[in-house]
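Spelled out, the chains give:
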Amino acid sequence: MKRLLVFIFSGLGLSSGLAQAVALQPIGQATGYWAGLIPVYDATLWAQPGTTQTDLLSDQTPLKLELCYRVGLTEKEFIEAADQALPKQLPVALRLATERLHQHYEAVQPKDCYELAYQPETGVQLRLNNELKYQDRTQGFKAVYFGIWLGDTPLSEAVKTDLTDALPTTSN
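Before going into details, it helps to say that this report is about the structure given with it.

1. What about the overall build of the chain?
So, point 1. Within the chain, the regular secondary structure consists of 6 helices and 6 strands.
So, point 2. Buried positions account for 45% of the 172 residues belonging to the chain.
So, point 3. As displayed, the chain has an accessible area near 9200 Å², and 55% of this comes from carbon and sulfur atoms.

In structure tokens:
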């Protein structure tokens, strides 16, 4: 069933990032809440079969995180939320990559979707409603930015768990 959905979505052009990486499959879904009460976004994590929690943030592992919003948010609110989960000290190249990505955020309305995608060949891509807004190939940037949701200190442990719980912790 998952492969059928991947084929349908990519065939209909509903997700350009998915069309580039047909081997990715949805592996987890979650809802992010503000103050534990107000639903802000619905998230879906996509990865290749065989991906483990251990290699999830590796630069060799293709990955996609889709965030579809239930509320409107400003660019400033995206940056403030990201800054809560980003490491306070980053090497210069990663800090600059983060700042450049933040410059490309746009406000969203309910039903808008941001997609953060990573392929080893193209690096990190940020899309809004399937339109490419930013791309970066800085080594290690994937782990830093996807780490906002999937790292050791994510914005929400509940979202991280819901997104990654179906993945084995290590390969057999």
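2. Structural notes on the side chain of threonine 44
So, point 1. Summarising the element assignment, threonine 44 is placed in strand E2 (residues 38–47).
So, point 2. Apart from residues lying up to four places away in sequence, threonine 44 is in contact with Pro26, Gly28, Gln29, Lys64, Leu65, Glu66 and Leu163.

3. Let's talk about the sheet that holds strand E6 (residues 131–136)
Each strand in a sheet pairs with its neighbour through backbone hydrogen bonds, running either in the same direction (parallel) or in the opposite one (antiparallel).
So, point 1. Pairing in this open sheet of 6 strands is antiparallel, and the strands run E1-E2-E3-E4-E5-E6 from one edge to the other. The two strands at the open ends of the sheet, each matched to only one other strand, are strand E1 (25–34) and E6. Neighbour-to-neighbour, the strand axes of the sheet open up by a mean angle of 15°, direction not taken into account.
So, point 2. With 6 bridges joining them, strand E3 (residues 63–69) and strand E4 (residues 113–119) adopt antiparallel strand pairing. Considered in E4, the bridge of leucine 67 is made with tyrosine 114.
So, point 3. Where helix H5 (residues 141–150) meets the sheet, its contacts fall on E2, E3, E4, strand E5 (123–128) and E6, and the angle it forms with E3 comes to roughly 45°.
So, point 4. Set on the sheet, helix H6 (residues 157–164) makes contact with E1, E2 and E3; between it and E1 the angle comes to about 165°.

4. Thoughts on the state of the cysteines
So, point 1. Taken as a whole and judged by the stated rule, the model has 1 disulfide.
So, point 2. Shown here is the disulfide that connects cysteine 68 with cysteine 113, its sulfur atoms set 2.1 Å apart. Every disulfide takes its handedness from the sign of the S-S torsion; for cysteine 68 and cysteine 113 that torsion is 110°, giving right-handed. With cysteine 68 in strand E3 and cysteine 113 in strand E4, the pair connects residues that are 45 residues apart, well separated along the chain.
So, point 3. We classify cysteine 113 as buried; its relative accessible area is 18%.

5. Observations concerning helix H4 (residues 92–102)
Along an α-helix, residues three or four positions apart point the same way, because every turn accommodates 3.6 residues.
So, point 1. Buried within H4 are the following residues: Leu94, Ala97, Thr98, Leu101 and His102. Within H4, the buried residues cover an arc of 135° as seen down the axis, which keeps them to one side.

6. Some words on the environment of glycine 50
So, point 1. With respect to the helices and strands, the residue glycine 50 is situated in the loop between E2 and E3.
So, point 2. Taking the relative accessible area as the measure of exposure, glycine 50 reaches 67% and is therefore exposed.

7. Focus on the pattern of salt bridges
So, point 1. All told, the structure shown has 8 salt bridges when counted by the stated rule.
So, point 2. Taking the shortest distance from any N to any O, the salt bridge between glutamate 99 and arginine 95 comes out at 3.1 Å. Note that glutamate 99 and arginine 95 are positioned in helix H4 at a spacing of 4 residues, about one turn of the helix.
So, point 3. Take glutamate 99: its relative accessible area is 37%, and that puts it in the partly exposed class.
So, point 4. Overall, arginine 95 belongs to the partly exposed group, its relative accessible area being 36%.
So, point 5. When the shortest N-O distance is used, the salt bridge between aspartate 136 and arginine 100 registers 3.0 Å. Taken as a pair, aspartate 136 in strand E6 and arginine 100 in helix H4 lie far apart in primary sequence, 36 residues in all.

8. Observations regarding the pairing of E1
So, point 1. Looking at chain direction, E1 and E2 are connected through 9 bridges and run antiparallel. Bridging across to E2, glutamine 25 finds its partner in alanine 47.
So, point 2. Linking E1 back to E2 in an antiparallel pair, the connection comprises 3 residues, with alanine 35 at a positive phi of about 55°.

Thresholds applied
- Residues numbered from 1 in each chain as written.
- Predicted model: local features only at pLDDT ≥ 70, side-chain atom pairs only at ≥ 80, totals over all residues.
- Heavy atoms only, no water.
- Helix = DSSP H or I, 4+ residues; strand = E, 2+ residues; numbered from the N terminus.
- Buried < 20%, exposed > 50% of the residue type's maximum accessible area, 1.4 Å probe, protein only.
- Areas by Shrake-Rupley, 256 points an atom, 1.4 Å probe, with all protein chains shown as cover.
- Contact = heavy atoms within 4.5 Å.
- Pairing = 2+ DSSP bridges.
- Axes fitted to C-alpha atoms, helices over the stretch in contact; angles between N-to-C directions.
- Disulfide = S-S within 2.5 Å.
- Arc of directions from axis to C-beta.
- Salt bridge = Lys/Arg side-chain N within 4 Å of Asp/Glu carboxyl O.

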